[in-house]
Amino acid sequence: MSFQSCKDCRYFLPVDVFYGLCKRSKNKITQDDPFCDQAEKIAKCKFCLNYSAERDFLGKCKGTTLAYPDMVAVQCADFGWIEAN
Amino acid sequence: MIKTESSHINYYGHQPGSQVENREQKKQITQRAGAARELYFETKSSVSMEFPYWYTRRWEELEGEIPVIRRAEALKSGFSHLTPVIYPGELLAMSKSSYLRGSYPMPWLSEAFFMAAEDKLYKEAQESGKLTADQFTTMGKGGGNVTRSIGNVISIAGKFGLRVEEMPVMIEIAKKWKDRSVDDVGHKYEQLVPGYSEKEALMRSVICMFDSGYTLPQGREVINYYYPLQFGFDGLIRRCRTRMEEVAGYPEMDRLYYYRATMILIEGLQQWIRNHAEEARFMASIETDVPQMKEYEEMAERLDWLASNPPRSFHESLQMIWLLHVAVLNEDAISGLSPGRVGQVLFPFWQRDILKKVITREQTLELLECMRMKFTAIDCFASMGVVGGVLSGNTFNNLCLGGLKKDGTSAANELEMLILEAGISCDTPQPTLSVLYDEKLPEEFLLKGVECTKIGTGYPAWINNQVAMEFLMANYGHEGMNLEEARAWSIGGCLETSPGSWMPLELDGEIHWIPGGSAPATSVGVHFLSLPKILEVTLFDGMDMRSGERIFPAHGYKLDTYDELWNAFRDYFRRACHVLTLTNNIQHDAWRKISPSLVNSMLKPDCLEQGKDIGQMGCRYNATFNIESCGTANLINSLASLKKNVFTDKTYSLNEYREAILANFGYHSAQETGSYSLIDQIPNDGYDRWKKIHRISLDAPKFGNDDPFVDEIMKAWETWFCTMTHDFRSLYNEPMYACQISVSTHGPMGAVTLAGADGRLGGTTFSDGSVSAYPGTDRNGPYALFNSATCWNHATSQNSQLNMKIHPSVVKGREGSRKFLDLIRSYLRKGGFHVQFNIVDSRMLKAAQAEPDKYRSLLVRVAGFTQYWVELGKQIQDEVIARTEYEEV
Ligand code: SF4
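Residues numbered from 1 in each chain as written. Chains lettered and ligands numbered in written order. Predicted model: local features only at pLDDT ≥ 70, side-chain atom pairs only at ≥ 80, totals over all residues. Heavy atoms only, no water.

**Looking at the overall build of chain B**
Now for step 1: Scanning chain B from terminus to terminus reveals 36 helices and 26 strands.
Now for step 2: Here the C-alpha atoms of chain B give a radius of gyration of 26 Å, agreeing with the 29 Å that 2.2 N^0.38 yields for 889 residues.
Now for step 3: Oriented by its inertia axes, the alpha-carbon framework of chain B measures out at about 80 × 65 × 60 Å.
Now for step 4: Residues counted as buried form 69% of the 889 residues belonging to chain B.
Now for step 5: In chain B, the share of contacts with a sequence separation of at least 24, taken over all contacts with a separation of at least 6, comes to 77%.
Now for step 6: Of the roughly 27,800 Å² of accessible surface on chain B, 51% is carried by carbon and sulfur atoms.
Now for step 7: Treating the 93 positive side-chain charges of chain B as one cloud and the 112 negative ones as another, the clouds have centres 1 Å apart. (Helix = DSSP H or I, 4+ residues; strand = E, 2+ residues; numbered from the N terminus. Rg over C-alpha atoms; globule rule 2.2 N^0.38 Å. Buried < 20%, exposed > 50% of the residue type's maximum accessible area, 1.4 Å probe, protein only. Contact = heavy atoms within 4.5 Å. Areas by Shrake-Rupley, 256 points an atom, 1.4 Å probe, with all protein chains shown as cover. Lys, Arg positive; Asp, Glu negative; His and termini not counted. Charge placed at Lys NZ, Arg CZ, Asp CG, Glu CD.)

Okay, structure coming up:
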């Protein structure tokens, strides 16, 4: 699996495009800080079995519909994990 | 006036002491709101693609569906897929997107910017990663604006940040709206208007600033919170279902689709609220701090309740109006969605809680401060010229206080006193406050308002209740507006008089008549017209000499007399209004067909009763289109100068004036000097040739000095302008009216306008507002300014705008407060519509311009809004510094 950063974690509380807060520690962290050992992946298209990558930051959902890998998918009814989290 | 060469500041009265004077002491913000404000100060404007992605995806899936149903489904998809975010310590949840200061593009309105910028954005994405984190820390300038691309963030127009990962999808989504957006469809059909090319020329020359149809189709209006406060969302669904069954199959079938669409939309809103309740529960589940855990649990319970039911407490009612506010903002690019008279709308809930001891005044103050932080974080992603050039990044959520009740007695109440108190202790740009001044308002309330204005927040602005009511009766009388209903009015946006209605809120068996907006956007139409530029083009027989482009056909006047000049100017002005009204009507027609309002329509009386959305004239009042002007004082001063120097004294010929204007009176351009105020300009080598004509132009009579020579010109202009606007018909076949606020347009419009016969130099910023004097030219004191400003009847216009800058020492202490209130009263008693103040030592502004990082929290009043100094463009900063500073009143 590729490098994962705080923006891929379910405990990341986004504040702006640069930074956010850790929901657990309340510390200020940047979107691009690496996962810590308490991190858990958040549902995103790039972790979904329906997602297929096509080019940088673009792909398809179910092979037909435009999608992008970093979209948070906690509200997507069709989301399914590619691998056990 | 004393011009201090050293500091380049215009003073009236004596010069201030050597020490820069601070504003009067502020009150302490509560710990909770203080923490929220600190977080806000560290936050950058951020754009995300979640909402537009899901909106567009659903829209595409429903190809061929009835348009209003398609729109409702798209909105439902957008709302229900937004990632919920709850910040620690907040008492009011929910925001536009998952960022604190978040917003998103709405390519269904206009996608042209992204299409045009595709290559640039890809290049930025490559370049941005090369910059180091150290460079990121230099971004203090500009406050919350992302002024440059850096790391994994792309700067859009120096304002918004977008993650690199979301840029390609933004472009792809934009492409899907090509030839389908309101902008594209409107543009296709507006070209069918005879003389369309003139419109294009008007836009290129910046005689007109922007098209409202696809940039800001809604806003400058007052929201109405009544229906959900009374019936709750489940109740509204039941009402829609009942009405739907009544109209199904009968003529006027659009009602059927409208009710169905509203039900679909409400389901989306309910899901959005419940998602936040779920997130609050998740936050509680991982929280170790017990009080915070309890707050999350209470929030979850509150949101779950509100997803279906009407509020049971003041806290719930405040949460309800906030989420409704966000819901409307998320359906369109909107500036100036005013919450209106919130203190009166929520008073029944608050009074009941106070009586039952459910809430204390201290808790109320804390909640109101939290509300301020929520409003302050609202951003709007409109086209760039609009966000920067017109709005200065502000979104104009105006909360009004005072005015009269339905029965004509004072409407001021104790909750409004607390709103003012929160405005003092939590001094932030939003919501801006306005006092609807009426002689019946109690002294204690007015002095509280003065206390707030004095600390330099720029709010409350002071608005004449009776003048506004007279305007409303005159313009909406034919739609049924009577005196009682006129009392329900409020300011929409920065300064737009907007009709309201009284709604019967029933609580514990008692009816409380609460005010709320009952008209669509009251400031769409012809936006804005540069009066000095039209005069310039008149002098050059239809040519824009800056670009060399012909704007209008030759006017055919020799301009041998002042009357000929006046007639030629008016002919051009009328021509501009004609073509811009027609093209704008087409754009708004495209908007109502492609992107009809559903959230706002659901709230506005009488859309639900009639089964019609706002675009189908479902609102109670619909005569809401206007023609907006900019640069009034420069126009009047230039006409006065030409009348005196060319046509009366004959000191110079018109040709000599033309030459002097083209030579910029022997000065370098404002762009060269890098300053946009007149007193900072630098002469060039040719200065001696133009010195005399420039001096005589500067010495010509100036508006704002109680001089009948120039005030007569003002009166003639206003009388004509406020009448001729009625000759133009809106999309809804209603007469239009005059609107006279500059917002921030006096900066960019001044930047493209050559020098004027008033002595203003090319490229410098115009005077602000519409009855403000040009900086440094009001030499006879405030009362002379008031006499000039009220030489015409303000009730014939949607508004007028007067900005004043007063040194803090002048209004210090209780004595100063009384003097200040007398000053405000004397202007409003003369019939002035509006006055607002900067209470500031101009030298502090100069210092802030030099070292912005030290002044992150410094607020100033621009024109109808308060903004952080560091987030204003240089053109506007220079203009605010240059305004005459009153050292005595
Ligand atoms: S099913 Fe949902 S999460 Fe999975 S790829 Fe499609 S949109 Fe993304």
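Text resumes after the structure shown.
**Considerations on the interface of chain B and chain A**
Now for step 1: Each partner contributes to the interface: chain B provides 48 residues, whereas chain A provides 31 residues.
Now for step 2: When chain B packs against chain A, the two sides together hide about 3,300 Å² of surface, and 66% of this comes from carbon and sulfur.
Now for step 3: Viewed at the interface, chain A and chain B are joined by six salt bridges.
Now for step 4: Taking the shortest distance from any N to any O, the salt bridge between Arg-55 of chain A and Glu-172 of chain B comes out at 3.3 Å.
Now for step 5: Counting every contact that joins chain B to chain A gives 14 residue pairs in polar contact (both at pLDDT 80 or more). (Buried area = accessible area lost by both parts, 1.4 Å probe. Salt bridge = Lys/Arg side-chain N within 4 Å of Asp/Glu carboxyl O. Polar contact = N/O pair within 3.5 Å; in protein donor to acceptor, adjacent residues only side chain to side chain.)

**Comments concerning the packing of aromatic side chains**
Think of a pair of aromatic rings as described by two things: how far the centres are apart, and how the planes are tilted against each other in angle.
All names here are of chain B.
Now for step 1: Applying the stated criterion across every chain, the model contains 44 aromatic pairs over all chains.
Now for step 2: Residues Phe-79 and Trp-272 carry aromatic rings whose centres are separated by 5.0 Å and whose planes lie at 55° to one another, so their mutual orientation is tilted. Residue Phe-79 is found in helix H3 (residues 67-81), and its partner Trp-272 is found in helix H12 (residues 254-286); the two are separated by 193 residues along the sequence.
Now for step 3: A residue is classified by how much of its surface remains accessible, and Phe-79, at 0% relative accessible area, is buried.
Now for step 4: Its relative accessible area of 0% is what places Trp-272 among the buried residues.
Now for step 5: Judged by centre distance (4.8 Å) and plane angle (45°), the rings of Phe-786 and Tyr-827 are tilted. One end of the pair, Phe-786, is in helix H33 (residues 782-789); the other, Tyr-827, is in helix H34 (residues 813-829), with 41 residues separating them in the sequence.
Now for step 6: Residue classification places Tyr-827 among the buried positions, given a relative accessible area of 0%.
Now for step 7: One aromatic cluster in this structure is built from Phe-51, Tyr-55, Trp-59, Phe-79, Tyr-104, Trp-108, Trp-177 and Trp-272. (Phe/Tyr/Trp six-rings, centres within 6.5 Å; stacked < 30°, edge-to-face > 60°.)

**Considering the nonpolar core**
Now for step 1: Of all hydrophobic cores here, the largest spans 302 residues; its most connected members are Phe-314, Leu-346, Leu-529, Phe-573, Trp-717 and Phe-837 of chain B.
Now for step 2: Both domain 1 (1-42) and domain 2 (43-85) of chain A contribute no fewer than three residues apiece to this core. (Core = buried A, V, L, I, M, F, W, Y, C linked by side-chain atoms within 4.5 Å. Domains from an automatic or database assignment.)

**Comments concerning the side chain of Thr-56 of chain B**
Residue and element names in this part refer to chain B.
Now for step 1: Along the chain, Thr-56 turns up in helix H2 (residues 50-61).
Now for step 2: Residue classification places Thr-56 among the buried positions, given a relative accessible area of 1%.
Now for step 3: For Thr-56, the side chain forms a polar contact with the side chain of Trp-177, separated by 3.1 Å.
Now for step 4: Look past the residues within four positions of Thr-56 in its chain and what remains in contact with it is Trp-108, Ile-173, Lys-176 and Trp-177.

**With respect to the sheet that holds strand E1 (residues 12-14) of chain A**
Residue and element names in this part refer to chain A.
Now for step 1: Here three strands make up an open sheet; going across it, the order is E1-E2-E3 and the pairing antiparallel. Each having just a single partner strand, E1 and strand E3 (28-30) make up the two edges of the open sheet. Each strand axis lies, on average, 45° off the axis of its neighbour in the sheet, ignoring direction.
Now for step 2: Bridging between strand E2 (residues 19-22) and E3 involves three bridges; their strand directions are antiparallel. Across the sheet, residue Leu-21 finds its bridge partner in E3, namely Lys-28. (Pairing = 2+ DSSP bridges. Axes fitted to C-alpha atoms, helices over the stretch in contact; angles between N-to-C directions.)

**Some points on the domain arrangement of chain A**
Residue and element names in this part refer to chain A.
Now for step 1: Entries for chain A in the domain assignment read domain 1 (1-42) and domain 2 (43-85).
Now for step 2: Relative placement of domain 1 and domain 2: their C-alpha centres are 19 Å apart.
Now for step 3: Between domain 1 and domain 2, the contact holds six residues from the first and 10 residues from the second.
Now for step 4: Scanning the region where domain 1 abuts domain 2 turns up three salt bridges.
Now for step 5: Here domain 1 is connected to domain 2 by five residue pairs in polar contact (both at pLDDT 80 or more).

**Description of the sheet that holds strand E7 (residues 208-211) of chain B**
Note: strands within a sheet are paired through backbone hydrogen bonds, in either parallel or antiparallel orientation.
Residues and elements named next belong to chain B.
Now for step 1: If you trace the four strands from one edge of the open sheet to the other, you get E7-E17-E20-E21, paired in mixed fashion. Every interior strand has two partners, whereas the edge strands, E7 and strand E21 (737-739), have only one. Neighbour-to-neighbour, the strand axes of the sheet open up by a mean angle of 25°, direction not taken into account.
Now for step 2: Relative to strand E20 (residues 625-630), strand E17 (residues 524-530) runs parallel, the two sharing five bridges. Bridge pairing in E20 links Gly-525 to Asn-626.
Now for step 3: Lying on the sheet, helix H23 (residues 531-539) is in contact with E17 and E20; it crosses E17 at an angle near 60°.

**Structural notes on helix H28 (residues 654-662) of chain B**
Counting along an α-helix, one turn takes 3.6 residues, and residues three or four places apart therefore face a common direction.
Residue and element names in this part refer to chain B.
Now for step 1: Among the residues of H28, those classed as buried are Leu-654, Tyr-657, Arg-658, Ala-660 and Ile-661. Seen from one end, H28 has its buried residues packed into an arc of 165°, which puts them on one side.
Now for step 2: Looking at the buried positions of H28, the neighbouring elements they touch are H23, helix H27 (632-648) and helix H30 (687-699). (Arc of directions from axis to C-beta.)

**Brief notes about the site of the ligand**
Now for step 1: Neighbouring the ligand are Cys-45, Cys-48, Asn-50, Tyr-51, Cys-61, Ala-73, Cys-76, Asp-78 and Phe-79 of chain A together with Trp-54 and Arg-57 of chain B.
Now for step 2: Neighbouring residues of the ligand are not confined to a single chain but are spread across chains A and B.
Now for step 3: Residue composition of the shell around the ligand, by class: eight nonpolar, one polar and two charged. (Near = heavy atom within 4 Å. Nonpolar A, V, L, I, M, F, W, Y, C, P; charged D, E, K, R; others polar.)

**Topic: the pairing of strand E6 (residues 160-163) of chain B**
Residue and element names in this part refer to chain B.
Now for step 1: With burial as the criterion, each face of E6 is covered, one bearing Phe-160 and Leu-162 and the other bearing Gly-161 and Arg-163.
Now for step 2: Note: strand E3 (residues 46-47) against E6, two bridges, orientation parallel. Counterpart to Ser-46 in the pairing with E6 is Gly-161.
Now for step 3: Summarising the sheet, strand E5 (residues 153-156) and E6 pair through four bridges and their orientation is antiparallel. Residue pairing across strands places Val-153 opposite Arg-163, the latter belonging to E6.
Now for step 4: Hairpin connection of E5 to E6: three residues between the antiparallel strands, including Ala-157 at a positive phi of 55°.

**Concerning the state of the cysteines**
The term disulfide refers to a covalent linkage connecting the sulfur atoms of a pair of cysteines.
Residues and elements named next belong to chain B.
Now for step 1: One pass over the full model with this rule turns up zero disulfides over all chains.
Now for step 2: Cys-400 forms no disulfide, and the closest cysteine sulfur to it belongs to Cys-494, at a distance of 11 Å.
Now for step 3: There is no disulfide at Cys-619, and the cysteine sulfur nearest it, in Cys-607, is 4.2 Å away.
Now for step 4: Overall, Cys-619 belongs to the buried group, its relative accessible area being 2%. (Disulfide = S-S within 2.5 Å.)

**Looking at the side chain of Asn-838 of chain B**
Residues and elements named next belong to chain B.
Now for step 1: By the secondary structure assignment, Asn-838 is in strand E23 (residues 834-839).
Now for step 2: Here the side chain of Asn-838 touches Arg-861 through a polar contact of 2.7 Å, landing on its backbone oxygen.
Now for step 3: Ignoring any residue separated from it by four or fewer positions in sequence, one finds Asn-838 in contact with Met-804, Lys-805, Ile-806, Val-860, Arg-861, Val-880 and Arg-883.

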